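Understanding the architecture of this molecule
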Amino acid sequence: MATAPAKRAEWNSTLSYWLTPARLCAVAAYFLFAGLTVAQSDSSDVNEAAATIEVAPKKSNDALTDTIFYESEYIDYDADKKVLLLLGQAQVKYQNITLQADTIVYTVDENQFQARGKPQLIEGSDTTAGDFMVYNIKTRRGRVSYATIHFEDTYFTGSSIVKSAENHLYIDEGDYTSCINAEHPDYFFYSRNVKIIPNDKIISRPVILNIGDAPIIMLPYFIMPLQKGRRSGWLTPMWGGNLNRGGYVDNIGYYYAPNDYVDFTIRAKAQEFSSFVLNASSNYALRYTLDGYVSGRYVLDNNLENAGQQWALEYRHNQLLTPDGRTRLSGYGELLSTRTFNQLYSDETREIEKQQLDANLSLSHKFESINASANLVWRRNHNLTTDRILEDMPYLDFNLHNRAIFPFVPGSDTSKTEPSWYNNIYYSYNTKANVRRDVYGADSLPGFIRPGMEHNLNLNSSQKILKYLDISPYFDTRASMFYGAIDTLVKDTLYIKDTVTYKVKNPDKDTRYPYYTLLDQIPEYFINENGDLDTLYTIIKESPQRTHLVRDTLNNEFNLVRSWRAGVNLSTRIYGIFPVGIFNVTGVRHILTPTVGYSYVPKHNLDRTFYDVRIAYDAPRSKPQQLVNFSLANQFQGKRFVGEGNSKKEQKFDILNVSASTAYDLEADNRKWRDLQLSASTSYSFLRLGYSSGFWFYDSDNKLVTPIQKDYSINLTSSNLSVSGSFWDGDLLRLDSLRSYVDPLDHQGRSGGSQSWNLGFSPSYNYRARRITPEEPFIPTKSFNLSTTAGFGFTNSLSVRWNGNYDFSSNQFTHNNFHFMYDLECWEMRFTWRPEKINPGYAFVVNVKKIPDIKWEQKGSKPVSQYSDSYYY
């Protein structure tokens, strides 16, 4: 910045030149003098080097009631005029206020301090400096000429600063900046007249924003709030562009915070005056009781007949209804009026790529006295690909958890310290009830609303026999009830396609129904209101084909289905320990768990099926089912010592898990042995390797043979792997085109600091091969995804960050984002580029760090509809 007198003349001339108002700007300031006083003394002339005196205040209505300390190289007090003169490194201290200057004059009768020669007032963390200071401790008014003030990480200067009795500050020809180097700031604001009401607001007129020493924009009048924390006020508008939908103005609205527990925001987005998106949201929280938010969007567009159908709702709620925490109301979710809402009105990748929307609200209660719980749930799923909506309205689930039929109660007989076998017989009960709604949005497929209910009772026990064997018998029974039954035979198959017709001004920017196929676009010519020839296009699109199986409804009455099953499992554990001395591993433990089980399911006659209402029932069975199940689990664990000296301790870790299982069907006419299933997994540090495969016991002629491999899969995953380092010491890159001065002690990275880098990746590989018969070759399928992040700090101010996910199967990036940031101490620049398929685009933001609402922002994206439908399916 220029010198004070030259700068004032320069800006007075500049203000006369500016005629057009522009964007936001702000001025912030704070100045506070504290009253200082000193008691009378009989001494006349005192000349001491760095004299220090402690003076008790006089007892009067005008005096302060605390001790004042002052010191200087020369002290003179005129008892007749009651004037104290401090010369040479003068300093006065009162409470948390320190006044320093070359010369300080205190007039006792007028209660006034005058300071000259680089005066500086320090109050707490705030500092005020200038050429000349005057402060009256009685009227609590002050004035500073050519002042510089540091207040809450901000700096401002003024040709004159006056403090009123109301603690208001008035600044003439003031500058404001949040840059540490206030003499050579990257930006500052200039205003002729500024009024500061501490902890309330700043009023300034007019205001000019300067980058370097160049004036950029001007506002004739501006009010800036100073309140801390949440506060009500108008939102800062944003504007941007979209290659598909054109330019827009966003964030037009108001934020209202009536108290500490709730707030409300209402804002709007105008899209080239073709559509308006209204957004209302609220956050709420009450400690230990509830918290959540709700946000809704409603769209008005040129197609008035569809305006009422375009809306979106998102919410989250968590509430304790009772002080003991047993009763809770919670839920979260998203709702859309139409499945294309996000493609039409959202710029967020997260929303655009979603193909499933879930919403729920649950009321739950725990009955601790009987070890039971109950849940009443509303649940909704919206498939955005097929437009199918599944809704439970509501779903009831009651669980009575495992309870002993004959509980063990220690009595007076001290010899009975262990429960008897009958004390280990348990029962549990569960009931479910639901009303299911199954519809297809606005499509023509038929839907239904049907109720259902089921009861489940389980008896089980766990007993020890022969000391080493565990035997676990069980018995399950179920009763299910449905309203309405369906024939098992398929009567017809419907192949359904929907056709939509609407009109647009520009078909190249049309994003409605992105999954539909364009059949035709018919131009209509007309004379517009300006008398020019114009065109309107009628768009005809067809939806993808969907299949619907038609079955006859047998009845519309309640149907009851009963079933039961029973079984028993026998298992044991065999341990083996092998001492080893490899590296720091001291031993390997092998746990072998063989299990043999028997299950019986009786014959079940059922000539109908039922609507899918999330109620289970047993499928029809023409004869009983008797299975003998075999399984063998192997677990290998290692043992090692970690630490040194007295802190040395033993640690166990998993090495390998291998399991195999099969079953023998006693009722089957042929192929009695079920397929053999084999699985294995191991992990080390950040890597996990899994393997699974299936084997036939029979060939194509149903002859028992050595196991033939049916399928196999290999899965390799890892946690995030990361490395980091530095390129060189010291900055070799600097961006100082807006400033000619560089502070050698600048710690923001423009002239010092190391260049760091980091790289992280998380691979995921899956390979699977299967065949239908033993004679056929294996048909492989594989997927390989690599999630990667990288960051490069060229300086402490300039950095680049990238994250992406690459699918090697389709040879394309599913996510790809570049983030560039330049931090210039008091302002920052961010640029995000998304060269991806789902939501390509960019975002550019330049803002003041201390005042992020003062920014320039530009966004853009490519039309989603230009990509093929096959990508989404």
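Residues numbered from 1 in each chain as written. Predicted model: local features only at pLDDT ≥ 70, side-chain atom pairs only at ≥ 80, totals over all residues. Heavy atoms only, no water.

Time to look at the pattern of salt bridges. A complete count under the given rule lists 18 salt bridges for this structure. Measuring nitrogen to oxygen at the nearest pair gives 3.1 Å for the salt bridge that ties Lys464 to Asp470. Salt bridges here are not isolated pairs; linked through shared partners, they connect Arg379, Asp392, Arg436 and Arg614. (Salt bridge = Lys/Arg side-chain N within 4 Å of Asp/Glu carboxyl O.)

Glancing now at the packing of aromatic side chains. In the structure shown here, the tally under the stated rule is 26 aromatic pairs. For the ring pair Tyr712 and Phe778, a centre distance of 5.5 Å and an interplane angle of 70° mean the geometry is edge-to-face. Of this pair, Tyr712 sits in strand E45 (residues 704-718) while Phe778 is found in the loop between strand E47 (756-770) and strand E48 (779-793), placing the two residues 66 residues apart along the sequence. Seen in terms of ring centroids, Tyr822 and Trp827 are 6.1 Å apart; in terms of plane orientation they differ by 80°. Their pairing is edge-to-face. (Phe/Tyr/Trp six-rings, centres within 6.5 Å; stacked < 30°, edge-to-face > 60°. Helix = DSSP H or I, 4+ residues; strand = E, 2+ residues; numbered from the N terminus.)

Moving on, we come to the environment of Glu667. Assignment of secondary structure puts Glu667 in the loop between strand E42 (649-665) and strand E43 (676-684). Residue class for Glu667 comes out partly exposed when judged on its relative accessible area of 24%. In the structure, Glu667 is positioned 40 residues away from Leu627 in sequence and 8.0 Å away in space, judged by C-alpha atoms. Those residues in contact with Glu667 that lie beyond four places of it in its chain are Lys623, Pro624, Gln625, Gln626 and Lys672. (Buried < 20%, exposed > 50% of the residue type's maximum accessible area, 1.4 Å probe, protein only. Contact = heavy atoms within 4.5 Å.)

Before going further, it helps to examine the sheet that holds strand E35 (residues 517-527). In spatial order, the strands read E34-E36-E35; together these 3 strands make up an open sheet with antiparallel pairing. Among the strands making up the open sheet, the edge pair consists of strand E34 (499-504) and E35. The mean angle between the axes of side-by-side strands here comes to 20°, regardless of whether they run parallel or antiparallel. Bridge count for E34 against strand E36 (residues 533-542) is 6 bridges, and the pairing is antiparallel. (Pairing = 2+ DSSP bridges. Axes fitted to C-alpha atoms, helices over the stretch in contact; angles between N-to-C directions.)

A few words now on the nonpolar core. Formed by 47 residues in total, the largest nonpolar core has its most connected members in Leu86, Val92, Leu99, Ile104 and Tyr187. With residues up to four places along the chain from it excluded, the contact list for Ile104 reads Leu84, Leu85, Leu86, Ala90, Gln91, Val92, Leu99, Phe113, Gln114 and Ala115. (Core = buried A, V, L, I, M, F, W, Y, C linked by side-chain atoms within 4.5 Å.)

A separate point is the pairing of strand E25 (residues 327-336). Along any regular strand, the residues point their side chains to alternate faces of the sheet. The pairing of strand E24 (residues 311-320) with E25 spans 9 bridges and is antiparallel. Across the sheet, Arg316 pairs through a bridge with Tyr332, a residue of E25. Turn length for the E24-E25 hairpin, with the two strands adjacent in sequence and antiparallel, is 6 residues, and the turn residue Gly325 shows positive phi of about 80°. Here E25 pairs with strand E26 (residues 356-367) via 7 bridges, running antiparallel. If you follow Thr327 over to E26, its bridge partner there is His365.

As judged from the 10 bridges shared by strand E21 (residues 262-271) and strand E22 (residues 275-286), these two strands associate in the antiparallel manner. Considered in E22, the bridge of Arg267 is made with Asn279. Pairing between E22 and strand E23 (residues 290-301): 12 bridges, direction antiparallel. Residue pairing in the sheet places Asn279 in a bridge with Arg297 of E23. In this structure, the hairpin formed by E22 and E23 is closed by a connection of 3 residues, where Tyr288 is found at a positive phi of approximately 65°.

So, about the environment of Glu775. Considering the arrangement of structural elements, one finds Glu775 in the loop between E47 and E48. A relative accessible area of 57% means that Glu775 is categorised as exposed. Sequence separation of Glu775 and Asp699 is 76 residues, and the distance between their C-alpha atoms is 8.8 Å. In terms of polar contacts, Glu775 uses its side chain to reach the side chain of Ser700, at 2.6 Å. (Polar contact = N/O pair within 3.5 Å; in protein donor to acceptor, adjacent residues only side chain to side chain.)

Time to look at the confidence of the model for the chain. Predicted confidence across the chain gives a mean pLDDT of 79, with 80% of residues reaching 70 or more. Mean pLDDT values over the elements of the chain span from 40, in strand E1 (residues 45-46), up to 95, in strand E30 (residues 448-461). Note on residues 1-53: pLDDT is under 50 here. Beyond four places in sequence and across chains, it has 174 contacts. pLDDT under 50 marks residues 730-753. Its contacts with residues more than four places away, or in other chains, come to 50 contacts. (pLDDT = per-residue confidence, 0-100.)

The next subject is a nonpolar patch on the surface. The grouping of Phe276, Leu278, Val294, Tyr298, Leu300, Trp311 and Leu313 at the surface amounts to a nonpolar patch, some 540 Å² of accessible area in total. Among the secondary structure elements, those contributing two or more residues to the nonpolar patch are E22, E23 and E24. Residue contributions to the nonpolar patch peak at 3 residues, all from E23. (Patch = residues over 30% accessible without salt bridge, like charges linked within 9 Å, V, L, I, M, F, W, Y side chains within 5 Å. Areas by Shrake-Rupley, 256 points an atom, 1.4 Å probe, with all protein chains shown as cover.)

Cis geometry marks the peptide bond from Met393 to Pro394; its omega dihedral reads -5°. Locating Pro394 in the fold gives a position in strand E28 (residues 388-404). You will see that Asn251, though not glycine, has its phi angle at about 65°, which is positive. For Asn251, a relative accessible area of 16% gives the class buried. If you check the backbone angles, Leu466 has positive phi at about 55° while not being a glycine. What makes Leu466 exposed here is its relative accessible area of 70%.

Another point: the environment of Thr535. Relative to the assigned elements, Thr535 resides in strand E36. Separated by 30 residues in sequence, Thr535 and Lys505 place their C-alpha atoms 7.0 Å apart.

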